[in-house]
Amino acid sequence: MAFFHVRMDVDIPRDLDPTVRAETVATEKAYSQDLQRQGKWVHLWRIVGQFSNISIFDVESADELHEILWNLPLFPYMTIEVMPLTQHGSSIK
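Below is a short write-up of the structure. Please read these numbers as outputs of a predicted model, since none were measured by experiment.

1. Side note on the packing of aromatic side chains
For the structure on display, the rule yields two aromatic pairs. Taken together, a centroid distance of 4.6 Å and an interplanar angle of 40° make the contact between tryptophan 41 and phenylalanine 57 tilted. Here phenylalanine 57 lies in strand S3 (residues 52–59) and tryptophan 41 lies in strand S2 (residues 41–46), a separation of 16 residues in the sequence. As far as burial versus exposure is concerned, tryptophan 41 and phenylalanine 57 are alike and both buried.

This is how it looks when you write it as structure tokens:
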């Protein structure tokens, strides 16, 4: 397994049709919750005061993470920063 720290900043256009916006956000929520249930999206933290999050993914590879991110319904409206993680020598876990 590979761990990744992912920051997602969302910028949905203000003129996006409200129905399209609501449907996209609902689909995004269902998709992300399914990945959480599968154990692939292990942490999801909101950044206070922003339409942004910090997430930790536990996936097989960078390729799998790439596919997950590209399939996010809000992907077209996101700026994403990915940092691969590795075990720290001082960690007791």
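2. A word on the nonpolar core
Counting 16 residues, the largest nonpolar core has Val6, Met8, Phe57, Leu65 and Leu69 as its most contacted members. Contributing elements (two or more residues each) for this core: strand S1 (2–10), S3 and helix H2 (62–70). No other element matches S1, which puts five residues into this core. Setting aside anything within four residues of it in sequence, one finds methionine 8 in contact with Trp41, Phe51, Ser52, Asn53, Ser55, Phe57, Leu69, Leu72, Met78, Thr79 and Ile80.

3. Here we look at the side chain of asparagine 53
Note that asparagine 53 resides in strand S3. Relative accessible area serves as the criterion here: at 13%, asparagine 53 is assigned to the buried category. A polar contact of 2.7 Å, which involves the side chain of asparagine 53, links it to the side chain of serine 55. The residues touching asparagine 53, leaving out its near neighbours within four places in the chain, are Val6, Arg7, Met8, Leu44, Trp45, Arg46 and Ile47.

4. Brief notes about the layout of surface pockets
Estimates place the volume of the largest pocket at around 430 Å³. Lining the largest pocket are 18 residues, with Glu28, Leu44, Arg46, Phe51 and Asn53 sitting closest to its centre. Elements with a minimum of two residues in the lining of the largest pocket: S1, helix H1 (18–37), S2 and S3. Its residues placed into classes, the lining of the largest pocket shows ten nonpolar, five polar and three charged.

5. Points about the side chain of histidine 5
Here histidine 5 lies in strand S1. Of the residues examined, histidine 5 reaches a relative accessible area of 19% and is grouped as buried. Excluding anything up to four places from it in sequence, histidine 5 contacts Ile54, Ser55, Ile56, Glu81, Val82, Met83 and Leu85.

6. Remarks on the pairing of S2
In terms of strand pairing, S2 meets S3 through five bridges, oriented antiparallel. From the neighbouring strand, leucine 44 faces S3, where its bridge partner is serine 55. Counted along the chain from S2 to the antiparallel partner S3, the turn is five residues long, and its residue glycine 49 has a positive phi close to 80°.

Conventions adopted
- Residue indices follow the written sequence of each chain, beginning from 1 at its first position.
- Reporting of local features is limited, given that this is a predicted model, to residues whose pLDDT is at least 70; pairs of side-chain atoms are given and counted only at 80 or more, and all residues count toward the totals for whole chains, interfaces and linings.
- Hydrogens and waters are ignored; side-chain quantities use all the structure's heavy atoms.
- Each Phe, Tyr or Trp ring (for Trp, its six-membered ring) is paired with any other whose centre lies within 6.5 Å, and the angle between the two planes then decides the class: stacked below 30 degrees, edge-to-face above 60, tilted in between.
- We count a stretch as a helix when DSSP gives it H or I for four or more residues in a row; a strand needs E for two or more, and each element gets its number in order from the N terminus.
- Partly exposed describes any residue whose relative accessible area lies between the buried limit of under 20% and the exposed limit of over 50%, with all areas from a 1.4 Å probe on protein chains only and scaled to the type maximum.
- To define a nonpolar core, start from buried Ala, Val, Leu, Ile, Met, Phe, Trp, Tyr and Cys residues and group those joined through side-chain atoms within 4.5 Å.
- We call two residues in contact whenever any of their non-hydrogen atoms come within 4.5 Å of each other.
- For this analysis, a polar contact is any N or O atom pair within 3.5 Å, provided that within protein one partner can donate a hydrogen and the other can accept it, and provided that sequence-adjacent residues contribute only side-chain to side-chain pairs.
- In this analysis the probe radius is 1.4 Å and the grid spacing 1 Å, with only protein atoms considered; a cavity is a set of points the probe fits into but cannot get out of, a pocket is an open set with protein on both sides within 12 Å along at least five of seven lines, and lining residues have an atom within 4 Å of a point.
- Grid points are joined across faces, edges and corners, and a volume is the space filled by probe spheres set on the points.
- Each residue gets one of three labels, nonpolar for Ala, Val, Leu, Ile, Met, Phe, Trp, Tyr, Cys and Pro, charged for Asp, Glu, Lys and Arg, and polar for the others, Gly among them.
- The pairing criterion for strands is at least two bridges between them, as found by DSSP.

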